Amino acid sequence: MIMLGPMPSPCIGICKMNADGSLCIGCGRSAAEIKDWPSYDGEQKLDAFRALRKRREETGYGVPVLGYPMATLDRIILGSLDDAQAQWSIGVPGAAVEFNGKDGSLLTARLWEYGGEVRGGQGGVRVVLDHGAQKIKMIGQANAKGLIGRIDLCLYTRKAAMSNRRVLSEIGPDVEALRTGDRQGVLFDLGLGLPHIDYCVRVEEAGLVALLRQQKGKPVLGEDRTVLDTLRRASPHRVLLTRMGRVEVWSPIPAIDGETPVGPHSHLDPELIAKGAAIDTDSHLPETLYRLISLTLSEAIPEVVPSAKVAAQ
C-alpha cells in the first residue's frame, strides 16, 4: 500500500442529492461514497477522485477539487513562490492585483510551517496554508488538453469574510507589510464592498495621508472621484488582503489608456465595481466558495495526481 498522506474532501458545501437520489449535485458522489469517505485509505480516495472527474464530464455534477495529497499541493504552491514565470493574483473582475517575476527583478522567497512569501522589485505575495484552521479548497479548471494551469485557493464564504467596508477607512500602520521598511506606511481600505477582499492602499507621504483622512467615511465610488483620481496620480502601494494572505504591488499605476505592465500591476475599474461586479462569477466556482488567491502555474498539472508521481513520494 502506498501512503499518500491526508487527502482533501471533494465536498464543496452544496450537500444536496439530485432528483433520483443517486448523486450529490455538489461533489458528484453517491450517498454510499459520502458515508464511506472517512474510512477510505489514500489509494481509495485517489481512485474516487479519478472516478469523479469522469463522472463530472458525464453528469455535470461536481467541482474540480484537485485530487492530490494536501502536502503535495502545498509543495506545488509554495515551490512556485520563487518561480518567475508563475503568477499570483487576488481580486475580482473590477478590482485586482497580480504579482509575478516577469519584470526580471530578483525574487527573494521565505517559507515557514504554514505558508511562505516572496518579494520582487515591484511587489510580493504572502500565502497562508493553515489546513488545521481552515478548510482550504484547491480548485482547478482544465484546459483543452485536460491539464490545470491555474489553482484557485478558496474558502467557504463564511470563513472567507473580510471587513466588507463601503467607505474609505483608515486601518493604521501596515505592521504585516512584506518589507520591514514599509511597516510605517498607513493602510487605507478603499471600501469597495468586496465581501472577501480588503482593497487597500499604503501611504507614507504626509500630504496624501492628510487628504485621505479628510475623506474618511465617504464612498470613493460615488460621483466625486477625487480620491481615486489622486491615488492614480500618486501611485501609492496597493495591498489586497484576504484570509489566506496578501498581494502587494509597488509599481506605478499606468495611465487609463496605458499598457498593462508585464510585471506586478493592479487593476481598478470603478464603473464595474459601482455596477455590482464585486463577486467573481467564474462558472466552475460554486456559490459556497470565494476565491482568495489564484496561482497560475508555469507548468500545467493533471487534475488528479498521476500514479507515477504518487509512487515517487
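Description of the structure in this document. (Residues numbered from 1 in each chain as written. Predicted model: local features only at pLDDT ≥ 70, side-chain atom pairs only at ≥ 80, totals over all residues. Heavy atoms only, no water.)

### Considerations on the packing of helix α5 (residues 206-215) against helix α6 (residues 226-234)
Link 1 in the chain: Put simply, α5 and α6 touch, their axes get as near as 11 Å, and they point 165° apart. Relative to α6, the element α5 is oriented roughly antiparallel. Crossing handedness for the pair α5 and α6: left-handed. Here Leu208, Leu211, Leu212 and Gln215 of α5 come into contact with α6, specifically with Val227, Thr230, Leu231 and Ala234. (Axes fitted to C-alpha atoms, helices over the stretch in contact; angles between N-to-C directions. Helix = DSSP H or I, 4+ residues; strand = E, 2+ residues; numbered from the N terminus. Parallel < 35°, antiparallel > 145°, perpendicular 65-115°, else oblique. Left-handed = near helix turned anticlockwise from the far one by under 90°. Contact = heavy atoms within 4.5 Å.)

### With respect to unusual backbone geometry
Link 1 in the chain: Here the phi dihedral of asparagine 164 falls at roughly 55°; this positive angle occurs in a residue that is not glycine.
Link 2 in the chain: Residue placement: asparagine 164 occurs in the loop between α4 (157-160) and β8 (169-173).
Link 3 in the chain: Residue asparagine 164 is classed as partly exposed on the basis of its relative accessible area, which comes to 30%.
Link 4 in the chain: A positive phi angle, close to 50°, is found at serine 235, a residue other than glycine.
Link 5 in the chain: Mapped onto the elements, serine 235 comes out in the loop between α6 and β11 (237-242).
Link 6 in the chain: Residue classification places serine 235 among the buried residues on the basis of a relative accessible area of 19%. (Buried < 20%, exposed > 50% of the residue type's maximum accessible area, 1.4 Å probe, protein only.)

### Focus on the sheet that holds strand β14 (residues 289-302)
Link 1 in the chain: On the basis of which strands lie adjacent, the open sheet formed by 6 strands has the order β6-β7-β14-β1-β2-β13 and antiparallel pairing. For this open sheet the edge positions go to β6 (137-142) and β13 (265-268), each flanked by a neighbour on one side alone. Neighbour to neighbour, the strand axes of the sheet diverge by 20° on average, direction disregarded.
Link 2 in the chain: Note that strand β7 (residues 147-156) and β14 share 9 bridges and pair antiparallel. Directly across from leucine 155, in β14, lies its bridge partner tyrosine 290. (Pairing = 2+ DSSP bridges.)

### Description of the pattern of salt bridges
Link 1 in the chain: Within the structure shown, the criterion is met by 18 salt bridges.
Link 2 in the chain: In this structure, arginine 165 and aspartate 189 form a salt bridge, with 2.8 Å as the shortest nitrogen-oxygen distance. Here aspartate 189 lies in strand β9 (residues 186-189) and arginine 165 lies in the loop between α4 and β8, a separation of 24 residues in the sequence.
Link 3 in the chain: Take arginine 165: its relative accessible area is 28%, and that puts it in the partly exposed class.
Link 4 in the chain: In this structure, aspartate 174 and arginine 202 form a salt bridge, with 2.7 Å as the shortest nitrogen-oxygen distance. Placement of aspartate 174 in the loop between β8 and β9 and of arginine 202 in strand β10 (residues 198-203) is noted, with a sequence separation of 28 residues between them.
Link 5 in the chain: Owing to a relative accessible area of 2%, aspartate 174 belongs among the buried residues under this scheme. (Salt bridge = Lys/Arg side-chain N within 4 Å of Asp/Glu carboxyl O.)

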